[in-house]
Amino acid sequence: MEHLFDTLYAAGAERLSFAPDFTGRAFVLRRQGGNLLVYASRRLAEEADGLLAAGPFARQYINHHHQAMPSCDWACENLNAPLFGPERERQQILAHCRMGGGFADHEAHFADFEVVATPGHTAGSACFLWDDGRRRYLFSGDTVFLTEGRWIGAVLPGSDRLAYLASLALIKTLSFDVLVPSLAKGQPFHQTSARETERQIDAMMRRLEHGADG
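Residues numbered from 1 in each chain as written. Predicted model: local features only at pLDDT ≥ 70, side-chain atom pairs only at ≥ 80, totals over all residues. Heavy atoms only, no water.

Undergrad: Please provide a residue-by-residue account of the overall build of the protein, values included.
TA: In terms of regular secondary structure, the protein is built from five helices and 16 strands. Here the C-alpha radius of gyration of the protein, 16 Å, is about what a compact globule of 214 residues would show, namely 17 Å. Viewed in the frame of its principal axes, the protein has a C-alpha envelope of about 45 × 35 × 35 Å. Sequence separation of 24 or more characterises 55% of the internal contacts of the protein that already satisfy a separation of 6 or more. When the accessible surface of the protein is totalled, it reaches about 9,400 Å², and 49% of it is carbon and sulfur. The averaged location of the 26 negative side-chain charges in the protein is 3 Å from the averaged location of its 21 positive side-chain charges. (Helix = DSSP H or I, 4+ residues; strand = E, 2+ residues; numbered from the N terminus. Rg over C-alpha atoms; globule rule 2.2 N^0.38 Å. Contact = heavy atoms within 4.5 Å. Areas by Shrake-Rupley, 256 points an atom, 1.4 Å probe, with all protein chains shown as cover. Lys, Arg positive; Asp, Glu negative; His and termini not counted. Charge placed at Lys NZ, Arg CZ, Asp CG, Glu CD.)

Undergrad: Give a description of the pairing of strand 2 (residues 8-16) that names residues and reports values.
TA: In the case of a regular strand, side chains alternate between the two sheet surfaces. Counting buried residues in strand 2 gives seven out of nine residues, a clear majority hidden from the surface. Taken together, strand 1 (residues 2-5) and the strand that follows it, strand 2, pair antiparallel across an intervening segment of two residues. In terms of strand pairing, strand 2 meets strand 3 (residues 19-29) through seven bridges, oriented antiparallel. The partner of Arg15 across the bridge, within strand 3, is Thr23. (Buried < 20%, exposed > 50% of the residue type's maximum accessible area, 1.4 Å probe, protein only. Pairing = 2+ DSSP bridges.)

Undergrad: Talk me through the pattern of salt bridges; I want residue IDs and the actual numbers.
TA: Counted according to the given criterion, the structure contains twelve salt bridges. The residue Asp112 makes a salt bridge to Arg31 at a minimum N-O spacing of 2.9 Å. One end of the pair, Asp112, is in the loop between strand 8 (107-110) and strand 9 (113-117); the other, Arg31, is in the loop between strand 3 and strand 4 (35-38), with 81 residues separating them in the sequence. Under the relative-accessibility criterion, Arg31 is labelled buried at 14%. Between Arg43 and Glu46 there is a salt bridge, with the nearest N and O atoms lying 2.9 Å from each other. A relative accessible area of 37% places Arg43 in the partly exposed class. Residue classification places Glu46 among the exposed positions, given a relative accessible area of 56%. Among the ionic contacts, a cluster of salt bridges with common partners joins Asp6, Arg134 and Arg135. (Salt bridge = Lys/Arg side-chain N within 4 Å of Asp/Glu carboxyl O.)

Undergrad: Can you explain the packing of aromatic side chains? Please cite residues and give values.
TA: On inspection of all chains with the given rule, the structure shows 15 aromatic pairs. Seen in terms of ring centroids, Trp130 and Tyr137 are 5.2 Å apart; in terms of plane orientation they differ by 25°. Their pairing is stacked. Tyr137 shares its class with Trp130; the two are buried. Taken together, Phe5, Phe27, Tyr39, Trp130, Tyr137, Phe139 and Phe189 form an aromatic cluster joined through their ring pairs. Over the ring of Phe110 we find Arg31; its NZ or CZ atom is 4.4 Å from the centre of that ring. The lysine or arginine in question, Arg59, covers the ring of Phe84, its NZ or CZ lying 4.0 Å from the ring centre. (Phe/Tyr/Trp six-rings, centres within 6.5 Å; stacked < 30°, edge-to-face > 60°. Lys NZ or Arg CZ within 6 Å of the ring centre and 35° of its normal.)

Undergrad: Now, about the nonpolar core: what can you tell me, with residues and values included?
TA: With 22 residues, the main nonpolar core has Leu8, Phe27, Leu29, Phe113 and Phe139 as its most contacted residues. At the level of elements, strand 1, strand 2, strand 3, strand 4, strand 9, strand 10 (126-131), strand 11 (136-141) and strand 14 (178-181) are the ones that each hand at least two residues to this core. The greatest single-element share of this core, amounting to three residues, is contributed by strand 10. Those residues within four positions of Phe27 in sequence are excluded, and the remaining contacts are Leu4, Leu8, Tyr9, Ala10, Leu36, Leu37, Val38, Tyr39, Phe139, Val180, Pro181 and Pro188. In this structure, Val144, Val155, Ile171 and Leu174 belong to the second largest nonpolar core, which totals 20 residues. (Core = buried A, V, L, I, M, F, W, Y, C linked by side-chain atoms within 4.5 Å.)

Have a look at this one:
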């Protein structure tokens, strides 16, 4: 596993066929009360020893159904980490793996971990906010991802552009120190400030308003 910050690790780094210049990862949030696994990776089983050594897991979370894959069942069976994903996309997720629970809106699942609904990329897309006591992390999935430090989005043929813009406006109001997307070209995270977040999100919104895909 890659050690990124005090309590944040990356696992299962993989190149993706639809975006060969980008790397996808799952992230391990080491915390009291049980670790969390955020996102999914087909390569998790290759890092089983490191994952098991990280301590007991409580859950795995995915932002939207594009992240659903058989390795989610592996995490449930081998890490005791049942999968939580968006209720709006339950049927799409169940086509690939089991679910242990879901979420629909802005929900505090733990004292340090919140779900924030951010539809647009897909109907059920969400972000996760985690406060480890030192930093606040935003796990943005594919709604905001990174290319060499630049924040970009992914408007697909089935995306809702207006909902996407509203979600970006919401993200701009959130307080966080580190952006952690599911895909990145270059460094897998971006440390930010309120001013930097506003600048990057405003640039994204201008591109989407003018018809760009990201």
